[in-house]
Amino acid sequence: PAALTADAERAYDLDRQHVFHSWSAQATLDPMVVTRAEGSYLWNGDGARFLDFTSQLVYTNLGHQHPRIVAAIQEQAASLCTIAPGYANGTRSEAARLIASHTPGDLDKVFFTNGGADANEHAIRMARLHTGKHKVLSTYRSYHGGTQLAVNVTGDPRRWPSDNGSTGTVHFFGPFLYRSSFSATTEEEECQRALAHLEQVIALEGASTIAAVILESIPGTAGIMMPPAGYLKGVRELCDRHDIVFIADEVMAGFGRAGRWFAVEHGDVVPDLLTFAKGVNSGYVPLGGVAISEKIHRTFAERTYPGGLTYSGHPLACAAAVATIETMEEENIVERVDALGREILEPGLRDLAARHPWIGEVRGTGAFWAIELVSDRATREPLAPYGGSSPAMAAIISGCTRRGLLPFSNFNRIHVVPPLTISAAEATEGLAILDAALTEAYDATR
Ligand code: PLP
């Protein structure tokens, strides 16, 4: 690429020579070199500034280089970089206490992992051992991680190349009124029919074979579909009735993203297991985990839990979690995100939807919003096919980056998922860039 500094050029060249990237055909890549980041912004290799509306992969919840998190990692590194999981350590204990103080109900024990996929792997292992059953039910429109079991539980097309019949995973349709699988016309109908569908899947798969239902409390990458009122309660009730463990995947939606500490609070339910990662420590050091209910904890009181990781509860990651959660508490981040959603993002996005013919729907809450783009509002034809992209989507995205905004995109959707600490002025600036990029890309097709 032109105009890079010498350091940035070396970073780029070595990347292309030696770094193998995720989810990509390697020869097609042209990664942006990032040399610096602060708050809601980052800078590329020739010094251009970008407003980060992605929070990277929806994890830098307190923004880039938050001084308190950086200091906590530095202090922990100076005192004790690492200690194996079998020891008790003050930083790990405090991180677990803080997490348990915010998880709902009796989810008071924490098993630490390195990220979200392994959190889901362990939650499923716990559910299988707890119930003595094997199958795992999840929705088609979901992402639960890239490891073998987690990617098979995943519904989205990233599952397909690794799909195999040995993992005991079964998919069903979650509620999504805009593209209803049940010909529903109201949220109430969608909720009731989606629950009837799940009940039928459980009956036909055999309740005696099903260990767990795993759901993103609000599906994230798959499209930020807010579950209708009563849906999560209905799932809870089906799980109770059939001795099935209810696992809530809060890897993306948790830790304030949805304007609540955990998105299950929107549905007023307590799952049996809750998985987290990303926002728990703003992703500064890899960390994930499973919050465990009393009932499941009891299963492993006298019986060995057959699982572990070298870095479970790594002190550097836990120090970042303590600093993140304390900052969220002291600065009322969760309440502020709820207000940001209601006062800035929702009205701003509804205004865009009123003016741009390609916007079929906007939906979300807090700092967790999706813009569903369609080529025809009447037929709801997506602006890019499921699992793919299109020239129109590419034009919108390049229109954003040319104007200094990094947008999160997936198929026919743009997600607005900025750091929870974004200011009203920055959020408004980002929406104005989206507005201009949408206008430019639409006009180019007329
Ligand atoms: N679950 C959800 C809902 C996610 O969004 C993700 C990652 O995007 C994962 C699990 C996997 O997390 P990780 O990439 O840390 O393994």
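Residues numbered from 1 in each chain as written. Predicted model: local features only at pLDDT ≥ 70, side-chain atom pairs only at ≥ 80, totals over all residues.

### Structural notes on the overall build of the protein
Working step 1: For the protein, the count of helices and strands is 14 helices and 16 strands.
Working step 2: A principal-axis box enclosing the C-alpha atoms of the protein has dimensions of 60 × 60 × 40 Å.
Working step 3: Looking at the protein alone, contacts between residues at least 24 apart form 73% of all its contacts between residues at least 6 apart. (Helix = DSSP H or I, 4+ residues; strand = E, 2+ residues; numbered from the N terminus. Contact = placed C-beta atoms within 7 Å.)

### Observations regarding the sheet that holds strand β4 (residues 109-113)
Working step 1: Taken together, the 7 strands give an open sheet; going across it, the order is β4-β10-β9-β8-β7-β5-β6, and neighbouring strands pair in mixed fashion. Across the chains shown, the open sheet's two edge strands, defined by having one partner strand only, are β4 and β6 (169-172). For this sheet, the mean inter-axis angle between neighbouring strands, taken without regard to orientation, is 20 degrees.
Working step 2: As paired elements, β4 and strand β10 (residues 288-292) share 5 bridges and run antiparallel to each other. Residue pairing in the sheet places V110 in a bridge with A291 of β10.
Working step 3: Set on the sheet, helix α8 (residues 231-241) makes contact with β7 (210-216) and β8 (245-249); between it and β8 the angle comes to about 145 degrees. (Pairing = 2+ DSSP bridges. Axes fitted to C-alpha atoms, helices over the stretch in contact; angles between N-to-C directions.)

### Points about the site of the ligand
Working step 1: Surrounding the ligand, one finds 16 residues, the nearest of these being G115, G116, A117, G145 and V251.
Working step 2: No other element matches helix α5 (residues 116-131), which puts 3 residues into the shell around the ligand.
Working step 3: Here the residues of the shell around the ligand sort into 6 nonpolar, 8 polar and 2 charged. (Near = placed C-beta within 6 Å. Nonpolar A, V, L, I, M, F, W, Y, C, P; charged D, E, K, R; others polar.)

### Focus on the environment of A436
Working step 1: In this fold, A436 is placed in helix α14 (residues 424-443).
Working step 2: For A436 and R403, which are 33 residues apart along the polypeptide, the C-alpha to C-alpha distance reads 8.8 Å.
Working step 3: Dropping the residues within four chain positions of it, A436 is found in contact with G399 and R403.

### Quick look at the packing of helix α7 (residues 187-205) against α8
Working step 1: At their nearest, the axes of α7 and α8 sit 10 Å apart, and the two run at 20 degrees to each other. With respect to their mutual orientation, α7 and α8 come out roughly parallel. Judged by the sense of rotation from one axis to the other, the crossing of α7 with α8 is right-handed. For the pair α7 and α8, the contacting residues are C191, A194, L195, L198, E199 and I202 in the first and Y231, G234, V235 and L238 in the second. (Parallel < 35°, antiparallel > 145°, perpendicular 65-115°, else oblique. Left-handed = near helix turned anticlockwise from the far one by under 90°.)

### Structural notes on the sheet that holds strand β2 (residues 41-44)
Working step 1: In spatial order, the strands read β1-β2-β3-β14; together these 4 strands make up an open sheet with mixed pairing. Two strands close off the open sheet at either side, each with one partner strand: β1 (34-38) and β14 (405-406).
Working step 2: By the bridge criterion, 3 bridges tie β2 to strand β3 (residues 49-52) in an arrangement that is antiparallel. What sits directly across from L42, in β3, is F50.

### Observations concerning the nonpolar core
Working step 1: Ranked by internal contacts, the top residues of the largest apolar core, which has 121 residues, are A212 and L273.
Working step 2: For this core, the leading source of residues is helix α11 (residues 315-330), giving 10 residues.
Working step 3: Split by domain, this core shows at least three residues from each of two domains, domain 1 (32-65 + 332-443) and domain 2 (67-330).
Working step 4: Each residue touching A212, except ones within four places of it in the same chain, is listed here: I124, A127, V136, I244, V245 and I247. (Core = buried A, V, L, I, M, F, W, Y, C linked by C-beta atoms within 7 Å. Buried ≥ 20, exposed ≤ 12 C-beta atoms within 10 Å, placed from the backbone. Domains from an automatic or database assignment.)

### Considering helix α13 (residues 391-402)
Working step 1: The first and last C-alpha atoms of α13 sit 16 Å apart over 12 residues, in line with the 16 Å expected at 1.5 Å per residue.
Working step 2: By the burial criterion, the buried members of α13 are M393, I396, G399 and C400. Projected onto a plane normal to the axis of α13, the buried residues spread over an arc of 125 degrees and lie on a single side.
Working step 3: The secondary structure elements touched by the buried residues of α13 are β14, β15 (408-410), β16 (413-416) and α14.
Working step 4: Where α13 terminates, the next one or two residues include G404, which has phi positive at roughly 90 degrees. (Expected span 1.5 Å × (residues − 1). Arc of directions from axis to C-beta.)

### Topic: the pairing of β3
Working step 1: The loop that links β2 with its antiparallel partner β3 comprises 4 residues; one of these, G47, has a positive phi angle of about 90 degrees.
Working step 2: In terms of strand pairing, β3 meets β14 through 2 bridges, oriented parallel. Bridging across to β14, D52 finds its partner in L406.

### Focus: the domain arrangement of the protein
It is common to give the size of an interface as the accessible area that goes away when the parts come together.
Working step 1: With domains assigned, the protein is organised as domain 1 (32-65 + 332-443) and domain 2 (67-330).
Working step 2: Each of domain 1 and domain 2 has a C-alpha centre, and the two are 25 Å apart.
Working step 3: Across the boundary between the two partners, domain 1 contributes 29 residues, which contact 28 residues of domain 2.
Working step 4: Looking at the side of domain 1 that touches domain 2, the elements with two or more residues in it are α2 (55-58), α12 (333-355), β11 (359-365), β12 (368-376) and β16.

### With respect to the pairing of β12
Working step 1: Across 6 bridges, β11 lies against β12 in antiparallel orientation. Counted as the bridge partner of I359 is L373 from β12.
Working step 2: Linking two consecutive strands that pair antiparallel, namely β11 and β12, is a turn of 2 residues; a positive phi of about 55 degrees is found at G366 within it.
Working step 3: Inspection of the sheet shows β12 paired to β16 by 4 bridges, in the antiparallel sense. When the sheet's bridge partners are listed, I371 is paired in β16 with I414.
Working step 4: In this structure, β12 lies alongside strand β13 (residues 381-382), joined through 2 bridges in antiparallel fashion. Paired with V374 across the two strands is P382, which belongs to β13.
Working step 5: In textbook terms, the turn of a hairpin is the stretch between consecutive antiparallel strands, and for β12 and β13 this stretch comprises 4 residues, one of which, R380, has a positive phi near 65 degrees.

### Some points on the packing of helix α4 (residues 90-102) against α11
Working step 1: Contact geometry of α4 with α11 gives a least axis separation of 8 Å together with a crossing angle of 40 degrees. Relative to α11, the element α4 lies oblique. The two elements α4 and α11 meet at a crossing, and its hand is left-handed. Two secondary-structure elements touch here, α4 through T91, R92, E94, A95 and L98 and α11 through P315, C318, A319, A321, V322 and I325.
Working step 2: By residue class, the composition of the contact of α4 with α11 is 8 nonpolar, 1 polar and 2 charged.

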